[in-house]
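Examining the three-dimensional arrangement
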Amino acid sequence: MAASAPRPFSRLVPHLALLTAMCVWSTSYVALRIALSGLTPLQAMAGRMLVASLVFAPLWPRLFRDLRRHGHLGALLLMGFCEPCCYFLFETHALRLTTASQAGMVVSLLPLIVAGVAWVALGERISGRVWLGFALAVGGVVWLSLAAAPADNAADPMLGNALEALAMLCAAFYTVIARRLSPLYNPMQITAAQSGLGMLFFCLLLLFLPETSRPISLGLELPAWAPWASVLYLGGCVTFGGYGLYNFGVNRLCAGQAAAYTNLIPVFTLLFGVSLLHEVFLPSQYLASVLVIAGVLLSQWRGNTHAKEPCKK
């Protein structure tokens, strides 16, 4: 009996990892906007991936050994192409054209997209209660976005939201592929592979693709080193902590369950925006945040019936 005591906590660990990953990822929106206030999108992304690759350099020898043993190079390449390559390419340009609130509304669609892709590719079945939780969370995010204070930095919201939707589609395929590779490669190896592929992708684009993007205005007085410090933070802390923890959660839960936590990103992003960028946070947005959290909790709760199984397959 004593040996089985830690099991409830062990079941909680992947959920705590995903919750922390969402918190870390939410800071990336603030950090990326600071980076884009002094750098072009490709400069910011190439620098981020370069820093991340240096952080994960010690893992490369073991990754190459496991790659020779397990194979699936094509799946790793496809995963990296989906995210970070295409995902960050779409999202970085999206955040230049639309507001964070509208982008957050699009991000809330990720669990639904992942659930559909996982149902087709992995055979994961989604219960009616989970879909209800998704619906509550999406409704909360929509309310959160509609209640956001108007912004003047949305040059083309329709195009920006379309690019964010493409980023979410890439994230859905990435989540499903990472889930399929998780029995063969540990979360840190998957993150290391992403970092290396992302570095090659964005550095090559930076070398051969001219950019004419102008820095964005945040309405804040920032030191000249702030954009570069943001790149270091994005490449080191966000990539290591965010993707590492997220891949850990995906390794132990259904792809749809793990993706459901992304509904918390708009909530955390607004909280960090208020405290760090002095954005306006309205009372109705607090209520909408509660609805988002309630939807995520409902989608994750399984009760005693399926307590021994991380997902239905």
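Cut-offs and rules
Residues numbered from 1 in each chain as written. Predicted model: local features only at pLDDT ≥ 70, side-chain atom pairs only at ≥ 80, totals over all residues. Heavy atoms only, no water. UniProt positions renumbered as here; feature names shortened; annotations may be inferred. pLDDT = per-residue confidence, 0-100. Contact = heavy atoms within 4.5 Å. Helix = DSSP H or I, 4+ residues; strand = E, 2+ residues; numbered from the N terminus. Buried < 20%, exposed > 50% of the residue type's maximum accessible area, 1.4 Å probe, protein only. Salt bridge = Lys/Arg side-chain N within 4 Å of Asp/Glu carboxyl O.

Looking up the protein in an unreviewed UniProt entry gives the name EamA domain-containing protein, with the organism given as Desulfovibrio fairfieldensis. Among the UniProt annotations of the protein, the heading Sequence similarities (unreviewed entry) holds the following wording: "Belongs to the EamA transporter family." Turning to the protein, the UniProt record has this under Subcellular location (unreviewed entry): "Membrane".

Topic: the confidence of the model for the protein
In this model, the protein carries an average pLDDT of 81, and 88% of its residues clear a pLDDT of 70 or more. Under a pLDDT of 50 for its full length, residues 304-310 has, in the predicted model, 9 contacts with residues more than four places off or in other chains.

Let's talk about the side chain of Ser53
Locating Ser53 in the fold gives a position in helix 2 (residues 41-55). Looking at Ser53, the relative accessible area reads 7%, which means it is buried. Once you skip the residues sitting within four places of it in the chain, Ser53 turns out to touch Trp60, Ser195, Gly196 and Met199.

Examining the pattern of salt bridges
Under the definition given, this model contains 2 salt bridges. The salt bridge partner of Asp66 is Arg62, with a shortest N-O separation of 3.8 Å. One end of the pair, Asp66, and the other, Arg62, are both in helix 3 (residues 60-70), 4 residues apart, so they sit about a helical turn from each other. The exposure class of Asp66 is buried, given its relative accessible area of 7%. For Arg62, a relative accessible area of 48% translates into the label partly exposed. Via salt bridges that share partners, Arg62, Asp66 and Arg69 belong to a single interconnected network.

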